[in-house]
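Architecture at a glance
Residues per chain are reported as follows:
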Amino acid sequence: MVRRLRRTALYIPGNDPSMILNSGIFGADSIVLDLEDAVSINEKDSSRILVRNALQNVDFGASEVVVRINALSTPFGKQDIEAIVCPRLDAIRLPKCEYADDIMELEKILDRVEEEKGLKKGSVSIMPLIESAMGSYNAVQIAKASRRNSAVNFGGEDYTADMGAQRTREGAELLDIRMRILLAARIAGIDALDTVFGNLNDEEGLLEETKLIKQLGFDGKSIIHPRQIRLIHDVFTPSEKEINKARRIIEAIEEAEKRKSGVVALDGRMIDAPVVAKARRVLAFAEAVGLV
Amino acid sequence: MEISGKTAQAGTLESGDILITITLGEEDKGIEIELESPSQAVYGQQIYNTITGTLNDLGVRTAYVKAQDRGALDCTISARVEAAALRALKK
């Protein structure tokens, strides 16, 4: 199966009809229609209806369609779910996740709503959004809480506010949560998504941050503007050199397996299971973007 | 449920949106729509139909609707009408 790419998750305010309408044309891997922070408390009702109608009528292209609902502890979260679950909805991004119970509560509601709407059970996946000290501490339990979980991500602004940290361009204050998110994602076998890079005019900073998160192992990043898409996709797209090397590694290991040998060298370097796993990840990305 | 006489709004005057102001009527006098739209000549009837259809689905039979359109699509128009009507009904 070709892996689903989640290099970019573009936030779109849930109360802006023209942005919602155009969101499918930018080529983001995921579109996140936002009913939470992008919508003022007085517009929660109208945005919910607008997003519901958009899900039923707007062409979002090939993008995965996600809705960030309001937290289940608010008066809005449950109403959001009732309104938005439909065939075009791929996932719900659940903010302010702090405990595994938050995910299990959402799962229970989704089980019921999917059945009521005649949808296949499990058709809507869950993307926990971790943005507090407690959430970070419990990241592994949260990521493992449901088989519906498809990607775990974190919110840098809320997290640093909770930690009493300053948000900087270099992002040293995010080191710990990034590693926790990655660890949780890998243990749960789901994707790890990085937080937004807020300064739209700092392309160099975005490039550095994207290279860093790719190096760490992240699968993608949330974004706030379509113009951040190309740069991030370029960083995450394997180069021809990387693809060729990965291919040669796979060929070499397959050859070795035929000879019943567990270890093989390529260009003077030993190739073993972790090297092969990394090569397969490169090829999976290349396949998903249509390069192989 | 349509007899409340309350007024409510939903939507904006931003491009691609529509501002709906709805006053629910006291008696069964039907739905009256005052439409202001850059594409009135071409899409006017369609906008009328969308507004009327949405109100009918909600069980609203008597209302005065002021619709200030800025090029909204049908799904936006019906969302704004529904939000405005529900707000008026809750008042």
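Because the structure is predicted, anything quoted here is derived from the model rather than measured.

Some details on the overall build of chain A
Helix and strand counts for chain A stand at 12 helices and 10 strands. In terms of C-alpha radius of gyration, chain A reaches 20 Å, essentially the compact-globule figure of 19 Å for 292 residues. Principal axes of the C-alpha set define a box for chain A whose edges measure 65 × 45 × 35 Å. Scored against the burial criterion, the 292 residues of chain A give a buried share of 52%. Restricting the contact set of chain A to residue pairs at least 6 apart, pairs at least 24 apart contribute 70%. Carbon and sulfur atoms make up 52% of the accessible area of chain A, which amounts to about 13,800 Å² in all. Of the side-chain charges in chain A, 41 are positive and 46 negative, and the distance between the mean point of each set is 6 Å.

A short note on the interface of chain B and chain A
Tallying the contact residues gives 13 residues for chain B and 14 residues for chain A. Interface area, chain B with chain A, both sides summed: about 1,100 Å², of which 54% is carbon and sulfur. It is Cys 75, Arg 80 and Arg 87 of chain B in chain B that bury the most area against chain A; as a group they hold 44% of the surface buried on that side. Across the chain B-chain A interface, the total number found is 3 salt bridges. With its nearest N and O atoms 2.6 Å apart, the salt bridge here joins Glu 82 of chain B to Arg 52 of chain A. At the surface where chain B touches chain A, the tally comes to 9 residue pairs in polar contact (both at pLDDT 80 or more). Class assignment for the residues of the side of chain B that touches chain A results in 5 nonpolar, 4 polar and 4 charged.

A closer look at helix 2 (residues 44–57) of chain A
Spanning 14 residues, helix 2 of chain A covers 20 Å between terminal C-alpha atoms, matching the ideal 20 Å at 1.5 Å per step. Of all the 14 residues making up helix 2 of chain A, 10 are buried; the element is thus mostly covered by neighbouring parts of the structure. Among the residues of helix 2 of chain A, Lys 44, Ser 46, Ser 47, Arg 48, Ile 49, Leu 50, Val 51, Asn 53, Ala 54 and Leu 55 of chain A are the ones counted as buried. Looking at the packing, one finds that the buried side of helix 2 of chain A touches helix 1 (17–22), strand 2 (30–34), strand 3 (64–68) and helix 3 (77–84) of chain A together with helix 2 (74–90) of chain B.

Quick notes on the pattern of salt bridges
Any two side chains of opposite charge can pair, given that their charged atoms come close. Residues and elements named next belong to chain A. As enumerated under the stated definition, the model contains 32 salt bridges over all chains in all. Arg 4 serves as the salt-bridge partner of Glu 64, at 3.6 Å between the closest nitrogen and oxygen. With Glu 64 in strand 3 and Arg 4 in the segment before strand 1 (8–13), this pair connects stretches of sequence that are 60 residues apart. Close ionic contact of Lys 221 with Asp 194 constitutes a salt bridge, the shortest N to O distance being 2.7 Å. With Lys 221 in strand 8 (residues 220–223) and Asp 194 in strand 7 (residues 191–194), this pair connects stretches of sequence that are 27 residues apart. A relative accessible area of 1% places Lys 221 in the buried class. Its relative accessible area of 0% is what places Asp 194 among the buried residues. One continuous salt-bridge network, built from bridges that share partners, spans Asp 34, Glu 36, Arg 68, Lys 96 and Glu 131.

A few points about the side chain of Asp 191 of chain A
Residue and element names in this part refer to chain A. For Asp 191, the position within the fold is in strand 7. You can call Asp 191 buried: its relative accessible area is 12%. Residues within four places of Asp 191 in sequence aside, it is in contact with Arg 3, Arg 4, Arg 6, Ser 150, Ala 151, Val 152, Ala 185, Arg 186 and Asp 219.

Concerning the nonpolar core
Nonpolar side chains tend to gather and get buried jointly when the protein is soluble and globular. Residues Leu 33, Leu 55, Ile 81 and Ile 84 of chain A together with Ile 22 and Ile 51 of chain B are the most contacted members of the largest nonpolar core, which totals 89 residues. Counting residues per element, this core draws most heavily on helix 2 of chain B, which supplies 8 residues. Non-local contacts of Leu 55 of chain A, meaning those with residues more than four positions away in its chain, are made with Leu 33, Phe 60, Val 65, Val 67, Ile 84, Cys 86, Arg 88 and Leu 89 of chain A. Ranked by size, the runner-up nonpolar core spans 14 residues in total, among them Ile 243, Val 264, Val 276 and Leu 283 of chain A.

Rules used throughout
- Residues numbered from 1 in each chain as written.
- Chains lettered and ligands numbered in written order.
- Predicted model: local features only at pLDDT ≥ 70, side-chain atom pairs only at ≥ 80, totals over all residues.
- Heavy atoms only, no water.
- Helix = DSSP H or I, 4+ residues; strand = E, 2+ residues; numbered from the N terminus.
- Rg over C-alpha atoms; globule rule 2.2 N^0.38 Å.
- Buried < 20%, exposed > 50% of the residue type's maximum accessible area, 1.4 Å probe, protein only.
- Contact = heavy atoms within 4.5 Å.
- Areas by Shrake-Rupley, 256 points an atom, 1.4 Å probe, with all protein chains shown as cover.
- Lys, Arg positive; Asp, Glu negative; His and termini not counted.
- Charge placed at Lys NZ, Arg CZ, Asp CG, Glu CD.
- Buried area = accessible area lost by both parts, 1.4 Å probe.
- Salt bridge = Lys/Arg side-chain N within 4 Å of Asp/Glu carboxyl O.
- Polar contact = N/O pair within 3.5 Å; in protein donor to acceptor, adjacent residues only side chain to side chain.
- Nonpolar A, V, L, I, M, F, W, Y, C, P; charged D, E, K, R; others polar.
- Expected span 1.5 Å × (residues − 1).
- Core = buried A, V, L, I, M, F, W, Y, C linked by side-chain atoms within 4.5 Å.

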